[in-house]
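Analysis of the macromolecular model
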Amino acid sequence: MPRHPDPTVDLRIREATTSLLLTKGFDFTMDEVAAAAGVGRASVFRRHASKRELLLDTLATFIDAGVAIPDTGSLRGDLQVVVTETIGFWTHMRLIAKQTFAEAGRDPGLGEIIRTAMRKRIDRSWAIFDRAVARGELRADRDPRLLADLLSGLVTYRGLLDLDFPPAEEIVEVLLHGYAPR
């Protein structure tokens, strides 16, 4: 009788890889993935020809899933949620994030994963900006991607250099009003 492949193996391998990434960064082996997933080494290599391929596949999914798109009824409220979750995601992912950004300069595939994840994130968050324009909270003649870039840049810069993050409320205030007197 033919043996049927276990449909949970792919998920277990991805979960094991994610767990190892969170605890060890990039410093794990394919054997550790197999052991953590409860599968044989051959099962891992049947799905991913190399550790790099496994990393790229896992990171693409992981990076894209980080922050929800809120609808609090106000731009300030939505940004408060996004800023808080973005900082929380970076803090939780600090080791992986630092290694990912360091490797992205050397590995075009990894760089593309980061660019694609960021583009998808901005595309998904566009509803926040559309609602804010409709409520009169954002000018329609400005590109709201700049707000997303400012937030991403701040979090990445401070995260890579291990600098403290300002309170989320302060970041939102600066994003919305800059440093102009009120």
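This report concerns the structure included in the present document.

Quick notes on the rules
Residues numbered from 1 in each chain as written. Predicted model: local features only at pLDDT ≥ 70, side-chain atom pairs only at ≥ 80, totals over all residues. Heavy atoms only, no water. Helix = DSSP H or I, 4+ residues; strand = E, 2+ residues; numbered from the N terminus. Buried < 20%, exposed > 50% of the residue type's maximum accessible area, 1.4 Å probe, protein only. Contact = heavy atoms within 4.5 Å. Areas by Shrake-Rupley, 256 points an atom, 1.4 Å probe, with all protein chains shown as cover. Salt bridge = Lys/Arg side-chain N within 4 Å of Asp/Glu carboxyl O. Axes fitted to C-alpha atoms, helices over the stretch in contact; angles between N-to-C directions. Parallel < 35°, antiparallel > 145°, perpendicular 65-115°, else oblique. Left-handed = near helix turned anticlockwise from the far one by under 90°. Nonpolar A, V, L, I, M, F, W, Y, C, P; charged D, E, K, R; others polar. Phe/Tyr/Trp six-rings, centres within 6.5 Å; stacked < 30°, edge-to-face > 60°. Lys NZ or Arg CZ within 6 Å of the ring centre and 35° of its normal.

Things to note about the overall build of the protein
Within the protein, the secondary structure is distributed over nine helices and zero strands. In sequence order, the secondary structure elements of the protein are arranged as α-α-α-α-α-α-α-α-α. For the protein, the C-alpha atoms occupy an extent of roughly 70 × 40 × 25 Å along the three principal directions. For the protein, the residues scored as buried account for 37% of the 182 residues in total. Across the protein, the fraction of contacts at a sequence separation of at least 24, relative to all contacts at a separation of at least 6, is 64%. Taken as a whole, the protein presents about 10600 Å² of accessible surface, with 59% of it coming from carbon and sulfur.

What about the pattern of salt bridges?
Summed over all chains, the structure comprises 17 salt bridges. Between Asp-6 and Arg-12 there is a salt bridge, and its shortest N-O distance comes to 3.0 Å. Residue Arg-12 is classed as partly exposed on the basis of its relative accessible area, which comes to 26%. Three or more residues joined by partner-sharing salt bridges are found here, namely Asp-71, Asp-78 and Arg-131.

Side note on the packing of helix H7 (residues 108–134) against helix H8 (residues 145–160)
Packing of H7 against H8 brings their axes to within 10 Å, and their N-to-C directions diverge by 125°. As the angle between them shows, H7 and H8 are arranged oblique. For H7 against H8, the interelement crossing comes out right-handed. Residues Met-118, Ile-122, Trp-126 and Phe-129 of H7 touch H8, and the partners they reach there are Arg-145, Leu-147, Ala-148, Asp-149 and Ser-152. When the residues that make up the contact of H7 with H8 are grouped by side-chain class, the tally is six nonpolar, one polar and two charged.

Remarks on the packing of aromatic side chains
For the structure shown, the criterion picks out two aromatic pairs. When the ring of Trp-126 is compared with that of Phe-129, the centres are 5.8 Å apart and the planes differ by 80°; the resulting orientation is edge-to-face. Taken together, the residues Trp-126 and Phe-129, both in helix H7 and three residues apart, mark about one turn of the helix. Residue Trp-126 is classed as partly exposed on the basis of its relative accessible area, which comes to 27%. Phe-129 gets classed as buried once you look at its relative accessible area, which sits at 5%. Sitting over the face of the ring of Phe-28, Lys-51 holds its NZ or CZ atom 4.7 Å from the ring centroid.

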